[in-house]
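What follows is each chain in one-letter form.
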Amino acid sequence: MKVGIDDISFYTSNYYLDLRTLAEVHNIDVEKYYVGIGQEQMGMPAPDEDVVTMGAAAALPIVRQLEQPESISTLLFATESGIDQSKSAGVFAHQLLGLPATCRVVELKQACYSATAAIQMACALVARQPQQRVLVIASDIARYDLDSSGEPTQGCGAVALLIAANPRLVEIEPLSGLHTEDVMDFWRPNYRSTALVDGKYSTKIYLKSLKSAWQHYRQQGGRSLREFAFFCYHLPFTRMAQKAHAHLLKLESAELTAAEAEAQITDTLQYNKRIGNSYTASMYIGLASLLENAREDISEKLIGFFSYGSGCVAEFYAGRVVPGYQQWLRKHEHQQLLANRQQVDYQTYRRLYAYPNPVDGQEHNIAAETTGPFRLAAINQHKRIYQAV
């Protein structure tokens, strides 16, 4: 029986900052951003948006299209921008989406890797009970200190994937290559609202983990490099995919021209260039980008997935594109979402960045700004109150 991705949908805020604006403020050549890290824009959440509202917004088109929402037996919510140390963000999303009470819900965390863990767990659940479906939501807000090296790699976004038997989009093969190592390349203690990162060290560990996970995959009888037509990498910034792919090709002494190598990843980068870093969601927004922007029919083509989460855990696995996948995509909706966003100036960016997160337990009503289907309406007595728009 084949199991994999039956549906995919993503969401990002209606606000974005063009990195040209940031470059002008810091008196930096904009090509350092546009070319150096491969980023052009970064999404900025409205004050009434968080990982719950974005995640539910990403999943809503999938849930609305289902004839039997009760077939969703499990909701797995992957994030490293959690809003409660106890209650799963997925439980809030479950209510907003109107999912049945007969549904297990759990939140997963391991930096940017946890969406892949959720997908692998989902595949196992479906393999055990093929009549059931699992909804995976990955939602994050990447936030770094102002004026830090990480500032231009901020962003926000969410992706939802429906995992099912006989999937319509991508069949996921069961073999995985794994790598786990206790390192401190990127982390965010409970008492901090922004992450700490050693950028050069993190890049080094990313590439080391890619080598190790790929070798573990091959040692178990995984497919050879030449069998893959495309590669989706975790995207803290799009230039990282180019570095990672060059590293993998070098490991295997692959004889590809620069143009051939670039063609294996370039279509995966289009959306992330405009959304910015979305942590757990980034690789799978990259998958949506590939499926929706490929310049030819990629049915039956094999995709290599490399998922990396700082700290660190990494995984390499393979997926095959299902014939007829094009009719199930949401290309028009996704491109309209990006086209309809509002560009903000630097002052508005700073306002959005500094919007208060009240911790006093008093009643705080939040003004409506998002154009998405759900919003955070208030925080009252330490309780987050969500509503449909």
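Values in this document were obtained by computation on a predicted structure and should not be read as measured data.

A.B. asks: How should I be thinking about the UniProt feature "domain: Hydroxymethylglutaryl-coenzyme A synthase N-terminal" (unreviewed entry) in the protein chain in this particular structure?
C.D. replies: The sites that UniProt annotates as "domain: Hydroxymethylglutaryl-coenzyme A synthase N-terminal" (unreviewed entry) are residues 2-166. Between the end C-alpha atoms of residues 2-166 the distance is 5 Å, and the span holds 32% helix and 30% strand.

A.B. asks: Explain the sheet that holds strand β17 (residues 383-388) here, please?
C.D. replies: Note on sheets: strands pair through backbone hydrogen bonds, and any given pair is parallel or antiparallel. Across the sheet, three strands lie side by side as β15-β16-β17; this open sheet has antiparallel pairing. Every other strand in the sheet has two partners, leaving β15 (364-365) and β17 as the edge strands with one partner each. The pairing of strand β16 (residues 374-380) with β17 spans six bridges and is classified as antiparallel. Each bridged residue has a counterpart across the sheet, and for F374 the counterpart in β17 is A388. Packed onto the sheet, helix α3 (residues 51-65) meets β16 and β17 and runs at close to 155° relative to β16.

A.B. asks: Would you explain the sheet that holds strand β5 (residues 104-108) in this entry?
C.D. replies: Ordered in space as β5-β4-β6-β7-β1-β8-β13-β12-β11, the nine strands form an open sheet in which the pairing is mixed. Whereas interior strands pair on both sides, the edge strands pair on one side only; in this sheet they are β5 and β11 (230-233). Geometrically, the sheet is characterised by an average inter-axis angle of 25° between neighbouring strands, direction not taken into account. In this sheet, β5 lies alongside strand β4 (residues 72-78) in parallel orientation, the contact comprising five bridges. What sits directly across from A78, in β5, is L108.

A.B. asks: Which parts of the structure should I look at to understand the side chain of R375?
C.D. replies: Mapped onto the fold, R375 is located in strand β16. In this structure R375 touches D48, T53, I366, A367, A368, T370, I385, Y386, Q387 and V389, once residues within four positions along its chain are discounted.

A.B. asks: Would you mind showing me how to read empty space enclosed by the protein here?
C.D. replies: If you roll a probe as big as a water molecule over the atoms, it shows you where there is empty space left. For the structure shown, the criterion picks out one cavity of 30 Å³ or more. Roughly 40 Å³ of internal volume is contained in the largest cavity. The wall of the largest cavity is formed by C112, T116, H234, Y279, T280, S282, M283, Y284, S307 and Y308. Those elements giving two or more residues to the lining of the largest cavity turn out to be α10 (282-293) and β12 (302-309). Partitioned by chemical class, the residues of the lining of the largest cavity number five nonpolar, five polar and no charged.

A.B. asks: How should the state of the cysteines be read in this particular structure?
C.D. replies: Chemically, a disulfide is nothing more than a covalent bond linking the sulfur atoms of two cysteines. One pass over the structure, following the stated rule, counts zero disulfides. Between C103, a free cysteine, and C123, which holds the nearest cysteine sulfur, the sulfur-to-sulfur gap is 17 Å. Exposure remark for C103: the relative accessible area of 12% places this residue in the buried category. Looking at the unpaired C232, the closest cysteine sulfur is the one in C123, lying at 15 Å. You can call C232 buried: its relative accessible area is 1%.

A.B. asks: Is there a simple way to think about the packing of helix α6 (residues 199-219) against helix α7 (residues 238-251) in this case?
C.D. replies: The relative placement of two packed helices comes down to the angle between their axes together with the axis-to-axis distance. At a minimum axis separation of 10 Å, α6 and α7 run at an interaxial angle of 40°. Viewed along their axes, α6 and α7 adopt a mutual orientation that is oblique. For the pair α6 and α7, the sense of crossing is right-handed. Listed contacts from α7 to T203, Y206, L207, L210, K211 and W214 of α6 are M240, K243, A244, H247, L248 and L251. Taken together, the residues of the contact of α6 with α7 break down into eight nonpolar, two polar and two charged.

A.B. asks: How should the pairing of strand β1 (residues 3-11) be read in this particular structure?
C.D. replies: Moving residue by residue along a regular strand, the side chains alternate between the two faces of the sheet. Taken across its nine residues, β1 has nine buried, putting it largely inside the fold. One ladder, built from two bridges, connects β1 with strand β8 (residues 170-180); its direction is antiparallel. In the strand pairing of β8, I5 is matched with V170.

A.B. asks: When you look at the UniProt feature "domain: Hydroxymethylglutaryl-coenzyme A synthase C-terminal" (unreviewed entry) in the protein chain in this model, what are you seeing that I'm missing?
C.D. replies: As annotated in UniProt, the feature "domain: Hydroxymethylglutaryl-coenzyme A synthase C-terminal" (unreviewed entry) corresponds to residues 174-249 and 253-343 in the numbering used here. The span residues 174-249 is 43% helix and 20% strand, and its two end C-alpha atoms sit 23 Å from each other. A distance of 43 Å separates the end C-alpha atoms of residues 253-343, which is 34% helix and 21% strand.

About the cut-offs
- The residue count restarts for each chain, going from 1 along the sequence in the order it is written.
- Note on the predicted model: pLDDT of at least 70 is required for a residue's local features to be given, and 80 or more for side-chain atom pairs to be given and counted; whole-chain, interface and lining totals, by contrast, use all residues.
- Remark: hydrogens and water are excluded; side-chain values derive from all non-hydrogen atoms of the structure.
- UniProt positions are given in the numbering used here, feature names are shortened, and annotations may be inferred rather than shown by experiment.
- Helix and strand labels come from DSSP, where a helix needs a run of H or I of at least four residues and a strand needs a run of E of at least two; each type is numbered from the N terminus.
- Strand pairing requires that DSSP identify at least two bridges connecting the strands.
- We call two residues contacting when some pair of their heavy atoms lies within 4.5 Å.
- Geometry is summarised by axes, namely lines fitted to C-alpha atoms with helices restricted to the contacting stretch, and by angles between N-to-C directions that run from 0 to 180 degrees.
- Only protein atoms enter the 1 Å grid used here, on which a cavity is any set of points holding a 1.4 Å probe that cannot leave and a pocket is any open set flanked by protein within 12 Å on both sides along at least five of seven lines; residues with an atom within 4 Å of a point are listed as lining.
- Grid points are joined across faces, edges and corners, and a volume is the space filled by probe spheres set on the points.
- In this classification, Asp, Glu, Lys and Arg are treated as charged, Ala, Val, Leu, Ile, Met, Phe, Trp, Tyr, Cys and Pro as nonpolar, and every other residue, Gly included, as polar.
- Throughout, disulfides are identified as pairs of cysteine sulfur atoms within 2.5 Å of each other.
- Each residue's exposure class comes from its accessible area (1.4 Å probe, protein chains only) as a fraction of the maximum for that residue type: buried when under 20%, exposed when over 50%, partly exposed otherwise.
- With respect to orientation, any angle under 35 degrees is reported as roughly parallel, any angle over 145 as roughly antiparallel, any angle of 65 to 115 as roughly perpendicular, and every other angle as oblique.
- Each crossing gets its hand from how the near helix is turned against the far one by less than a right angle, where anticlockwise is left-handed and clockwise is right-handed.

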